[in-house]
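# Breakdown of the fold
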Amino acid sequence: MSRRQKDPLRSLSEAERTSLARLSRSQSVPAAQVARARALLAVAGGQSYTEAACLVGRDNGDTVARWVAGFNRDGLAAVVPRHGGHRMRYGEAEQRRIAAEVARPPERARDGTATWSLVTLRDALRRDEDGLPGISTYTIGRALHAGGYSWQKGRSWCDTGVVARKRKHEGLVTVVDPDAAAKRG
């Protein structure tokens, strides 16, 4: 005997029912989407979660219950599985904030360092009032890499393709590699 359904399937619109029926018969979309569509149609047709699970080859009605809850929340978008990991929490504004922080030279008294590392960047971003309180070093590293930065041993995060060279007669000179973008990708 199955448990009482905590989150029953909401009534389907005609467009949703048509889309689910088309997906359930498709041979060109991934099998996971076909299984979800078939299970949702079975539940909409009056079958229990357990019966719908058996129909699509699942052992347990809890999986169908999760699919139904996702469908109630997201509509047809819930038919497409989101495999692994968490959703991206930081968008373009946050990536610009990370780039602005790494572009700022660290202050020894305030930041406790003379060169940026992922940990000191994370601490600075978490500490600022307009910062990102839950950011991780992994996210910072991904954002910097996407922004064209690479880790330079002993020199912290540097803009890829830009280097400072010391010349005998000219002093400190900034050299830019015009092909850096092509080499990165």
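Structure shown above.
First, a word on scope: everything that follows refers to the structure included in this document.

Thresholds, definitions, all that
Residues numbered from 1 in each chain as written. Predicted model: local features only at pLDDT ≥ 70, side-chain atom pairs only at ≥ 80, totals over all residues. Heavy atoms only, no water. Helix = DSSP H or I, 4+ residues; strand = E, 2+ residues; numbered from the N terminus. Salt bridge = Lys/Arg side-chain N within 4 Å of Asp/Glu carboxyl O. Buried < 20%, exposed > 50% of the residue type's maximum accessible area, 1.4 Å probe, protein only. Core = buried A, V, L, I, M, F, W, Y, C linked by side-chain atoms within 4.5 Å. Contact = heavy atoms within 4.5 Å. Pairing = 2+ DSSP bridges. Axes fitted to C-alpha atoms, helices over the stretch in contact; angles between N-to-C directions. Parallel < 35°, antiparallel > 145°, perpendicular 65-115°, else oblique. Nonpolar A, V, L, I, M, F, W, Y, C, P; charged D, E, K, R; others polar. Left-handed = near helix turned anticlockwise from the far one by under 90°. Lys, Arg positive; Asp, Glu negative; His and termini not counted. Polar contact = N/O pair within 3.5 Å; in protein donor to acceptor, adjacent residues only side chain to side chain.

Mapped onto the secondary structure, S48 falls in the loop between α2 (31–44) and α3 (49–55). Expressed as a C-alpha distance, the spacing of S48 and P8, which sit 40 residues apart in the sequence, is 9.9 Å.

Applying the stated rule across the entire model yields 14 salt bridges. Note that E16 and R10 form a salt bridge whose closest N and O atoms lie 2.9 Å from each other. Taking relative accessible area as the criterion, R10 reaches 29% and is therefore assigned partly exposed. Residues R82 and D74 are paired through a salt bridge, measuring 3.7 Å at the closest nitrogen-oxygen approach. Taking the relative accessible area as the measure of exposure, R82 reaches 55% and is therefore exposed.

Among the nonpolar cores identified, the biggest contains 20 residues, and L9, L20, L40, V43, V64, V68 and F71 are the most heavily contacted of them. The set of elements that each furnish at least two residues to this core consists of α1 (14–25), α2, α3 and α4 (61–74). The biggest single contributor to this core is α2, with six residues. Once residues within four sequence positions are removed from consideration, V64 is found in contact with A39, V43, Y49, A52 and A53. In this structure, Y90, I140, A143 and L144 belong to the second largest nonpolar core, which totals 13 residues.

A few words now on the pairing of strand β3 (residues 162–167). Taken together, the six bridges between β3 and strand β4 (residues 171–176) define a ladder with antiparallel strand orientation. Within the sheet, the bridge partner assigned to V163 lies in β4 and is V175. Remark: three residues form the turn of the hairpin made by β3 and β4, two consecutive strands paired antiparallel.

Let's shift gears to the packing of helix α7 (residues 118–127) against helix α8 (residues 137–146). Across the interface, α7 lies against α8 with an axial gap of 9 Å and an inter-helix angle of 105°. Between α7 and α8, the angle falls in the class roughly perpendicular. Across the interface between the two elements, L118, V119, L121, R122 and L125 of α7 pack against T137, I140, G141 and L144 of α8. Taken together, the residues of the contact of α7 with α8 break down into six nonpolar, two polar and one charged.

A few words now on the packing of α1 against α2. At their nearest, the axes of α1 and α2 sit 8 Å apart, and the two run at 130° to each other. Overall, the two elements α1 and α2 adopt an arrangement that is oblique. Like other packed secondary-structure pairs, α1 and α2 cross with a definite hand, here left-handed. Of the residues in α2, those in contact with R17, L20, A21, L23 and S24 of α1 are Q33, V34, A37, R38, L40, L41 and A44.

Checked against the element boundaries, R36 lands in helix α2. Look at R36: it is buried, it has no salt bridge, and the nearest opposite charge is D74 at 8.3 Å. Polar side-chain contacts of R36 include one of 2.9 Å to the backbone oxygen of A78. Apart from the residues lying within four places of it in its own chain, the contact partners of R36 are W67, A78, V79, V80 and P81.

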